[in-house]
Protein chains: 2
Amino acid sequence: MPKNAFYAQSGGVTAVINASACGVIETARQHGDKIGTVYAGQNGIIGALTEDLIDTSKESAQAIAALRHTPSGGFGSCRYKMKSLEDNKREYERLIEVFKAHDIGYFFYNGGGDSADTCLKVSQLSEKMGFPIQAIHIPKTVDNDLPITDNCPGFGSVAKYIAVSTMEASFDVRSMAKTSTKIFVLEVMGRHAGWIAAAGGLASSNGTEIPTVILFPEVEFDQEKFLAKVQANVEEHGYCTIVVSEGTKWPDGRFLAEQGTRDDFGHAQLGGAAPVVANMIKDALGYKYHWAVADYLQRAARHLASKTDVEQAYAMGKAGVELALEGKNSVMPAIVRESSTPYKWSIGSAQLSDVANVEKMMPMEFISEDGLDITEACREYLVPLIQGEDYPPYKDGMPEYVTLKNEKAGKKLGEFEVK
Amino acid sequence: MPKNAFYAQSGGVTAVINASACGVIETARQHGDKIGTVYAGQNGIIGALTEDLIDTSKESAQAIAALRHTPSGGFGSCRYKMKSLEDNKREYERLIEVFKAHDIGYFFYNGGGDSADTCLKVSQLSEKMGFPIQAIHIPKTVDNDLPITDNCPGFGSVAKYIAVSTMEASFDVRSMAKTSTKIFVLEVMGRHAGWIAAAGGLASSNGTEIPTVILFPEVEFDQEKFLAKVQANVEEHGYCTIVVSEGTKWPDGRFLAEQGTRDDFGHAQLGGAAPVVANMIKDALGYKYHWAVADYLQRAARHLASKTDVEQAYAMGKAGVELALEGKNSVMPAIVRESSTPYKWSIGSAQLSDVANVEKMMPMEFISEDGLDITEACREYLVPLIQGEDYPPYKDGMPEYVTLKNEKAGKKLGEFEVK
């Protein structure tokens, strides 16, 4: 009898995480001899702990196919970091019990660095507990900070959205600069790594140069140098666009925009670097400004997804299942860049022990010497990732995104309280 | 000899104002027997006052065609309201002198209510000064607040952007709500009229219902009622999306955004109704939130333009020239709605004396009884305006927006100082 599979989405969702889900489910359905039902965790790993398993076999082929063009997490995600094995063995054991009760032999976990760590532990513990499970991590994060893989599904679409939005807003402020707004500040995501902010540097494309200043979390904020560059841009071009990462910090280590609240992982919740920067410019240089905070709009913008990103997200889901079918365990499929021009990529894989809890920062050779722009090397890295458009279908002017039925499988175990 | 034409863009630019410019220039080029060169004001009407006239005949047919898919104001716009004839007759006379010096017989002014007023005055004064000019106003404003015309070019594309973005971000927060963010707040433009905020109500489309609360400038903010509806939505659906107009006011007439929050450095955070609303919800109900301020992104988002809007913007430019060729003066082409389902529209016209300085607010029958949502009548009005997609061409992952050469015609008059 084929074993069943469990799939869950973890952490912040993206424009293309559902494309990975689609890749997992469609590929599993093609191998009914080896994989039975794919159960999805309702709200991520929490659904496994509470035995809230969505029976994806109840969804039509059409609904599953529509996941490919639907942003967000179709089964619900969660911000819930499993503690270490020592601190909370009970939860890991519960996972194995649930998997055992539902005859689950494959665990596909779609997330970032924290999830890779959970995935690794599940694999290790299940072996010890005598119910071996093949645990496969499927990479996802808009932060693009997973190691080994050349890039992370979800990032290319955010990058495209930020690049295009920065270009469009810059055209706008350029039109207004003579008598009105001279400064546009766009705040983007990226707490620790400046990958998303870097995408703002692509606003200068297709023959139009946009005077842009980028603030990276990797570079200590130098107010004097920053203001000098903004002023020089306005004096030369009449206007200036600033892309500021939410993770940009003062030299003393404090965020430009710390609000004092923290998420469940203990990360500071940010938001508001843009008004801080805009007011600073107004105070020092007197320029009229506008500012925007893209927040969820950037990572949910499936309407402007990168075709490359969608294809890679799907391919990672598919490859995850294929690795499982090859008998692999504790691995993650990875994107391998074969060449940048022309862009060629293939699929490799990584050991989870090499992925878990490792954060890939922007290499310093991707940031210009003054710390306020990207380099040509960075552009060469980024451009392939935003290639191609992959528009969702529209009806009556609005995208036809799917909302699944999400019917749950019957419970076989007692209650379990998630703390 | 055919008379030359002058065209200028006025006020805040839009995703489709260049499509109107394209309509004006392409149509004028087809009537070389009656219209000579089209000069464009560099930075709007200021370019006419300072005699900075862009000679659009130097632009290729291909470059002019590309204006149709390029957001912003290709010739530059300005925020410069001409004073009344009594207060600044000197400026109006200067305009006529410049038009006379360059043999300009047609004045096409592409803007909102203030511009319609200027356009009217130019026509009146030119007649008195013995150099009659046909003054045609071409409607444009994301605020959708011009009278007579059923809707204003620029609005449909913002509405589509806000509707799609609200839907996408709502899918995102729905995925996260179990353990994390339950509230998403999106701040949109519209200082006096709630048309743009109303578009957030279209997030519920194509079979998916999004629990949305909308805050209009037309409705006094009632904190208690607002919080009760947010709480009810979260209790029923698990999450809630709020679309707040930047123009929403407290009962005492102050803007919500004026309440102002301060960052850790004691700086006031200006112009953020979204963080005010988000913090209010957190304080009263304890829900975790995210917020976004779309600002220029919404009105520059040519990548997601409404096809209807692009067609209407082009048609208004074309119709403006045709009205001029018919000998009309002091008029504005207008969009006439023939039917909503199926959507049919035609082109009419309005006297500028009926348009100038009149602001069209949301009719109260478009706002639900509780003041926090749109009605079916509003939906019926809005849906046709966001119909169809009109994607720009892309190269290397980025839109191919045009930057014109903008070569200026030689000056024939002395300097003129704009105050």
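Residues numbered from 1 in each chain as written. Chains lettered and ligands numbered in written order. Predicted model: local features only at pLDDT ≥ 70, side-chain atom pairs only at ≥ 80, totals over all residues. Heavy atoms only, no water.

> I keep staring at the packing of aromatic side chains and nothing clicks. Help me out?
Aromatic ring pairs are defined here through the distance separating the ring centres and the angle between the ring planes. Counted according to the given criterion, the structure contains 30 aromatic pairs over all chains. Measuring from centroid to centroid gives 5.8 Å for A:Tyr401 and B:Phe171, while their planes differ by 65 degrees, and the two rings are edge-to-face. One end of the pair, A:Tyr401, is in the segment after strand S15 (398-399); the other, B:Phe171, is in helix H6 (residues 155-176), on a second chain. Classification of A:Tyr401 by relative accessible area gives buried; the value is 4%. The structure contains a cluster of three or more aromatic residues connected by ring pairs, namely A:Phe6, A:Phe99, A:Phe107 and A:Tyr109. Above the face of the B:Phe171 ring, B:Arg174 is positioned so that its terminal group lies 4.3 Å from the ring centre. (Phe/Tyr/Trp six-rings, centres within 6.5 Å; stacked < 30°, edge-to-face > 60°. Helix = DSSP H or I, 4+ residues; strand = E, 2+ residues; numbered from the N terminus. Buried < 20%, exposed > 50% of the residue type's maximum accessible area, 1.4 Å probe, protein only. Lys NZ or Arg CZ within 6 Å of the ring centre and 35° of its normal.)

> Explain the relation of the copies chain B and chain A to me, please; I cannot follow it from the model alone.
Superposition of the two copies of the chain requires a rotation about an axis and a shift along the axis. Take chain B, turn it by 180 degrees, move it 0.0 Å along the axis, and it overlays chain A with an RMSD of 0.2 Å. The superposition operator between the copies reduces to a two-fold rotation axis. Both copies share a contact surface, since 95% of the interface residues of chain B are interface residues in chain A too. (Least-squares fit on C-alpha atoms with pLDDT ≥ 70 in both. Contact = heavy atoms within 4.5 Å.)

> Could you clarify how one ought to interpret the UniProt feature "binding site: diphosphate" (unreviewed entry) in chain A in this entry?
Following the UniProt record, one finds the feature "binding site: diphosphate" (unreviewed entry) at A:Gly12. Topologically, A:Gly12 is positioned in the loop between strand S1 (3-9) and helix H1 (17-29). Once residues within four sequence positions are removed from consideration, A:Gly12 is found in contact with A:Arg79, A:Lys140, A:Arg299 and B:Met176. (UniProt positions renumbered as here; feature names shortened; annotations may be inferred.)

> In this structure, what is going on with the side chain of B:Arg299? I would like to understand it.
With respect to the helices, strands and loops of the structure, B:Arg299 is situated in helix H10 (residues 296-300). You can call B:Arg299 buried: its relative accessible area is 5%. Ignoring anything within four residues of it in the chain, the contact list for B:Arg299 reads A:Asp172, A:Met176, B:Gly12, B:Val13, B:Thr14, B:Ala15, B:Arg79, B:Val142, B:Val158 and B:Met189.

> Would you take a moment to explain the nonpolar core for this structure?
Side chains of a nonpolar character, in soluble globular proteins, are inclined to be buried together. Judged by nonpolar contacts, the single largest core of 162 residues is most densely connected at A:Phe108 and B:Phe108. Beyond its immediate stretch of four places on either side in the chain, B:Phe108 contacts B:Ala5, B:Phe6, B:Tyr7, B:Ala8, B:Val24, B:Ile136, B:Ile138, B:Gly320, B:Val321 and B:Ala324. (Core = buried A, V, L, I, M, F, W, Y, C linked by side-chain atoms within 4.5 Å.)

> Could you clarify how one ought to interpret the interface of chain B and chain A in this entry?
Facing 79 residues of chain B, the contacting portion of chain A comprises 84 residues. Taking both partners together, chain B and chain A bury about 6,700 Å²; carbon and sulfur atoms supply 58% of that area. The largest contributions to the chain B side of the interface with chain A come from B:Glu168, B:Tyr296 and B:Met398, which together make up 11% of the buried area. Put simply, chain B and chain A have 2 salt bridges between them. (Buried area = accessible area lost by both parts, 1.4 Å probe. Salt bridge = Lys/Arg side-chain N within 4 Å of Asp/Glu carboxyl O.)

> So what exactly am I meant to see when it comes to the pairing of strand S8 (residues 240-245) of chain B here?
It is a general feature of regular strands that their side chains alternate between the two faces of the sheet. All names here are of chain B. Counting buried residues along S8, 6 of its 6 residues qualify, which places the element largely inside the surrounding structure. Here S8 shows no split at all, with Cys240, Ile242 and Val244 on one side and Thr241, Val243 and Ser245 on the other all buried. In the sheet, strand S6 (residues 183-188) pairs with S8 via 6 bridges, with the strands oriented parallel. By the bridge assignment for S8, Val185 is matched with Ile242. Both strand S7 (residues 212-215) and S8 contribute to a ladder of 4 bridges, which runs parallel. (Pairing = 2+ DSSP bridges.)

> Even after reading the chapter, I still don't get the packing of helix H4 (residues 89-101) of chain B against helix H5 (residues 113-128) of chain B, so can you show me in this structure?
When two helices pack together, their arrangement is captured by the angle between the axes and the distance separating the axes. All names here are of chain B. Following both chains from N to C, one finds H4 and H5 inclined at 70 degrees, their axes separated by 10 Å at the closest point. Here H4 lies roughly perpendicular to H5, going by the angle between them. Packed against H4, whose contacting residues are Lys89, Tyr92, Glu93, Leu95, Ile96 and Phe99, the element H5 presents Thr118, Lys121, Val122, Leu125 and Ser126 at the interface. Looking at the contact of H4 with H5 residue by residue, the classes come out as 6 nonpolar, 2 polar and 3 charged. (Axes fitted to C-alpha atoms, helices over the stretch in contact; angles between N-to-C directions. Parallel < 35°, antiparallel > 145°, perpendicular 65-115°, else oblique. Nonpolar A, V, L, I, M, F, W, Y, C, P; charged D, E, K, R; others polar.)

> Which parts of the structure should I look at to understand the pattern of salt bridges?
Opposite charge on two side chains permits them to pair, given that their charged atoms come into close proximity. All names here are of chain A. The tally for this structure, following the rule as stated, stands at 37 salt bridges over all chains. Of the charged contacts, one joins Glu389 and Lys160 as a salt bridge, the two residues approaching to 2.7 Å between their closest N and O atoms. Of this pair, Glu389 sits in the loop between helix H13 (376-382) and strand S14 (394-395) while Lys160 sits in helix H6 (residues 155-176), and the two are 229 residues apart along the sequence.

> When you look at the state of the cysteines in this model, what are you seeing that I'm missing?
As used here, a disulfide is simply a covalent bond connecting the sulfur atoms of two cysteines. In total, this model carries 0 disulfides over all chains according to the counting rule given. Looking at A:Cys152, it has no disulfide partner, and the nearest cysteine sulfur is the one in A:Cys378, 15 Å off. Its relative accessible area of 0% is what places A:Cys152 among the buried residues. Sulfur of B:Cys78: no disulfide; nearest cysteine sulfur belongs to B:Cys119 and is 14 Å away. (Disulfide = S-S within 2.5 Å.)

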